[in-house]
Amino acid sequence: MGGLVLLLLGIAFATVGVTGYVIFGPLTCRHLQDRGQAGLMAGSSLSPTGLLWILRGGYGQLGDAGLRALALPARIMLILTLAGVFLLVLRWLLVQA
């Protein structure tokens, strides 16, 4: 029963996280491009640099309220995606044991 709960929560978190990030990630990147700071995300919301920049909250140092309004939901969605993947890996490890 616990494995099924981990599977369902993992799929739900990963789906919600990816769906939300697909919306807010590119909007954050575009906001930075409009402000002339596209180099912070290496030009893409899916680049490793961009993902890490959002994940660690690099947007907070810029003091831009509009950027914060876009990047904070992107960060939450990225964390949800990682939590979902973690739960799926945990479930897979429990099934293997």
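Further up the page is the structure itself.
First, a word on what this report is: a plain description of the structure on this page. Sequence order sets the numbering: in each chain, residues are counted from 1 along the sequence as written. A pLDDT threshold of at least 70 governs which residues receive local features in this predicted model, and a stricter bar of 80 or more applies before side-chain atom pairs are shown or counted, although totals over entire chains, interfaces and linings include all residues. In computing side-chain values, all of the structure's heavy atoms are included and hydrogens and water are not.

### Looking at the overall build of the chain
Which entries qualify depends on this criterion: Counting from the N terminus, the helices are the DSSP runs of H or I reaching at least four residues and the strands are the DSSP runs of E reaching at least two. Residue burial is assigned from relative accessible area. The probe radius is 1.4 Å, only protein chains are included, and a residue is buried under 20% of its type maximum, exposed over 50%, and partly exposed in between. The contact criterion used throughout is that any non-hydrogen atoms of two residues lie within 4.5 Å.
Counting its regular elements, the chain contains three helices and zero strands. Overall, the C-alpha framework of the chain stretches about 50 × 20 × 20 Å when taken along its three principal axes. Per-residue burial over the chain gives 30% buried out of 97 residues. Taking contacts inside the chain between residues at least 6 apart in sequence as the whole, the part at least 24 apart equals 59%.

### Observations concerning the nonpolar core
In a soluble, globular protein the nonpolar side chains are often hidden away together inside. To be explicit about the condition: Each nonpolar core is a collection of buried residues, namely Ala, Val, Leu, Ile, Met, Phe, Trp, Tyr and Cys, held together in the definition by side-chain atoms within 4.5 Å.
Tyr-21, Cys-29, Leu-32, Met-41, Trp-53, Ile-54, Tyr-59, Leu-67, Ala-71, Ala-74, Met-77 and Leu-78 form the largest nonpolar core, which has 12 residues in total. Sorting the residues of this core by element identifies helix H1 (2–34), helix H2 (48–55) and helix H3 (65–96) as the ones contributing at least two each. Broken down by element, the residue count for this core peaks at five residues, all from H3. When neighbours within four sequence positions are excluded, Leu-78 is seen to be in contact with Tyr-21, Leu-51, Ile-54 and Leu-55.

### Let's talk about H1
Because an α-helix completes one turn every 3.6 residues, residues spaced three or four positions apart along the sequence face the same direction. Under the convention used in this document: A helix is expected to span 1.5 Å for every residue after the first. The reported bend at a residue is simply the angle between two axes, fitted to the 7 residues ending at it and to the 7 residues beginning with it.
Over its 33 residues, H1 runs 47 Å from end to end, which matches the ideal 48 Å to within 8%, given 1.5 Å per residue. Helix geometry: H1 is bent most strongly at Tyr-21, by close to 35°. Inspection of H1 places Leu-6, Gly-10, Ala-14, Gly-17, Gly-20, Tyr-21, Gly-25, Thr-28, Cys-29, His-31 and Leu-32 among the buried residues, and these make up the whole buried set. Residues of H1 that are buried sit in contact with H2 and H3.

### Side note on the environment of Leu-90
Turning to its location among the elements, Leu-90 is positioned in helix H3. Distance in space between the C-alpha atoms of Leu-90 and Leu-27 is 32 Å, their sequence separation being 63 residues.

### A word on H2
Selection criterion: The arc in question is traced by the directions running from the helix axis to the C-beta atoms.
Listed in full, the buried residues belonging to H2 are Gly-50, Trp-53 and Ile-54. End-on view of H2: buried residues confined to an arc of 95°, all on one side of the axis. Those residues of H2 that are exposed and aimed more than 90 degrees away from the buried face are Pro-48 and Leu-52. Looking at the buried side of H2, the elements it contacts are H1 and H3.

### Here we look at the packing of aromatic side chains
In plain terms, the rule: Ring pairs shown here join Phe, Tyr and Trp side chains whose ring centres sit within 6.5 Å, with only the six-membered ring taken for Trp; geometry is labelled stacked below 30 degrees between planes, edge-to-face above 60, and tilted in between.
Applying the stated criterion across every chain, the model contains one aromatic pair. Ring geometry for Trp-53 versus Tyr-59: centroids 6.4 Å apart, planes at 75°, classification edge-to-face. Its relative accessible area of 4% is what places Trp-53 among the buried residues.

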